[in-house]
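Coordinate inspection notes
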Amino acid sequence: ALFKKTSKTVGLIVPDITNPFFPELVRAVEDVMNIYDYTVILCNSDEKVEKEREYIEVLKQKYVDGVILTTNQFAPEEVEEWDVPIVVLDRPLHERYPSVVADNYEGARLATRHLYEVGCRRIAHIQGPNHVVNAMERFRGYQDEMRALGLGDRQLVIQGNYQLKQAKEAVMAALAEHDMDGIFAGNDAMAVGALKAVQQCGLRVPDDIAIIGYDGIPLTEMTTPELSTVSQPIYEMGAMAARILIKQIEGKPLEKLHYQLPVQLVVRQSTSRRG
Ligand code: RIB
């Protein structure tokens with residue numbers, strides 16, 4: 001096996017530590033790992049699979065006892081070769097690996113329906129990166145809900161990459177060409193970018209355009225207006241993944257392989273208007 005020795009360390013690969021979703025997740029993994037006397041080696045991949053591969057090499061050299069992956073760009077065969085306990089967190093990789101994710105599809109339906117219920121009829125979706133499974137699940141939820149609401153032909157998709165600044169620019173460009181009265185952003189960072197873009201164009205949130213994000217990071221309570229969001233149980237997801245990894249390392253049986261945690265609609269000022 002490649003990871004024969006034990007080191008009381010585990011690796012955690014995240015795609016973008018500047019996104020406020022990840023610090024909370026990392027914190028949870030670390031808290032649980034510390035209870036069991038493990039140290040966490042944090043690797044930030046910038047969403048690049050090459051960087052993820054390099055980190056895996058480093059983790060092998062350090063004989064980590066297990067790896068938590070929040071990235072989904074590896075081929076399952078590749079992961080198999082590492083021969084080390086793996087837990088997949090937040091972004092599903094392959095059904096053969098234990099996973100902890102939130103209900104991305106249902107969360108997106110909730111957000112879209114909420115915008116409809118407050119009176120929006122031209123609802124745009126800022127989609128996360130195409131290679132990210134949960135972004136595609138949220139996109140699918142948006143599409144299905146729009147169809148279910150009879151708005152199937154009114155869909156408007158703005159391509160985002162889960163980052164605030166890019167989303168702001170993409171929304172500015174979209175506003176110049178399209179009419180919209182609601183925006184469902186695929187994550188909170190992009191919702192903040194959208195808010196800035198809408199306000200910079202002289203439009204009011206929520207009266208002209210209502211905005212809802214996704215994740216439930218504390219930043220959403222700091223904006224004016226405060227942002228509605230679909231909150232994921234971020235800390236619980238990280239803690240659960242860590243506990244599952246410990247069980248695997250200790251060779252204990254897992255009660256089940258896949259955990260999908262529920263999400264919650266959080267209504268704040270950015271969508272508080274009469275339907
Ligand atoms: O904000 C970062 C996004 O990437 C989150 O929505 C999370 O689910 C992650 O995959």
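Above this text is the structure in question.
Counting starts from 1 at the beginning of each chain's written sequence and moves along it residue by residue. Local features are withheld for residues below a pLDDT of 70 in this predicted model, meaning they are given only at 70 or higher, and side-chain atom pairs are given and counted only at 80 or more; totals for whole chains, interfaces and linings count all residues. Side-chain measures were taken over the full set of non-hydrogen atoms in the model, leaving aside hydrogen atoms and water.

**Thoughts on the overall build of the chain**
What the chain contains, in helices and strands, is 8 helices and 12 strands. In terms of principal-axis extent, the alpha carbons of the chain reach across some 60 × 35 × 30 Å. Methods summary: accessible areas were calculated by the Shrake-Rupley approach with a probe of 1.4 Å, and residue burial reflects only the protein chains presented. Per element, the accessible surface of the chain, about 12,000 Å² overall, is 49% carbon and sulfur. Side-chain charges of the chain comprise 30 positive and 39 negative groups, with the mean position of each set lying 2 Å from the other. To qualify as a helix, a DSSP run of H or I must reach at least 4 residues; to qualify as a strand, a run of E must reach at least 2; elements of each kind are numbered from the N terminus. Note on charges: Lys and Arg go in the positive column, Asp and Glu in the negative column, and His and the chain ends are not counted at all. Think of each charge as sitting on NZ of Lys, CZ of Arg, CG of Asp or CD of Glu.

**Comments concerning the nonpolar core**
In summary, soluble globular proteins display a tendency toward joint burial of nonpolar side chains. The criterion is simple. A nonpolar core is a set of buried Ala, Val, Leu, Ile, Met, Phe, Trp, Tyr and Cys residues joined through side-chain atoms within 4.5 Å. When accessible area is computed with a 1.4 Å probe and restricted to protein chains, residues below 20% of their type maximum are described as buried, those above 50% as exposed, and intermediate ones as partly exposed. In terms of nonpolar packing, the biggest core is built from 47 residues, with Val-29, Met-33, Ile-68, Leu-89, Val-100, Phe-184 and Met-237 touching the most fellow members. The element best represented in this core is helix 8 (residues 234-249), accounting for 9 residues. Where each domain begins and ends follows an automated or database-derived domain assignment. Split by domain, this core shows at least three residues from each of two domains, domain 1 (9-102 + 233-261) and domain 2 (104-231 + 265-271). A contact between two residues is defined here by any heavy atoms of the two lying within 4.5 Å. Val-100 has contacts with Val-88, Leu-89, Asp-90, Met-237, Met-240, Ala-241, Ile-244, Tyr-259 and Leu-261, leaving out every residue within four places of it along the chain.

**Considering the site of the ligand**
As a matter of local geometry, the ligand sits amid Asn-19, Phe-21, Phe-22, Asp-90, Arg-91, Asn-134, Arg-138, Tyr-162, Asn-187, Asp-215 and Gln-232. Contacts described as polar in this section are N or O atom pairs within 3.5 Å, which, within protein, must combine one atom able to donate a hydrogen with one able to accept it, while residues neighboring in sequence count only if both atoms come from side chains. At a separation of 2.7 Å, an oxygen atom of the ligand approaches a polar side-chain atom of Asn-134. Asp-215 places a side-chain nitrogen or oxygen 2.5 Å from an oxygen atom of the ligand. Expressed as a share of its isolated accessible area of 270 Å², the protein-covered part of the ligand is 100%. Residue assignment for the shell around the ligand shows that the elements contributing at least two residues are helix 1 (21-35) and helix 5 (133-148). Throughout, the ten residues Ala, Val, Leu, Ile, Met, Phe, Trp, Tyr, Cys and Pro are labelled nonpolar, Asp, Glu, Lys and Arg are labelled charged, and all others, Gly among them, are labelled polar. By residue class, the composition of the shell around the ligand is 3 nonpolar, 4 polar and 4 charged. Near residues are defined by distance, with any heavy atom within 4 Å of the molecule or strand qualifying the residue.

**Regarding a nonpolar patch on the surface**
Taken together, Leu-164, Leu-219 and Met-222 make up a surface patch of nonpolar side chains, about 280 Å² in accessible area. Structurally, the position occupied by Met-222 is in the loop between strand 9 (210-212) and strand 10 (229-231). Within this analysis, patches are made of residues with over 30% relative accessible area and no salt bridge. Like charges are joined at 9 Å or less; nonpolar side chains (Val, Leu, Ile, Met, Phe, Trp, Tyr) at 5 Å or less. Salt bridge, as used here, is a side-chain nitrogen of Lys or Arg placed within 4 Å of a carboxyl oxygen of Asp or Glu.

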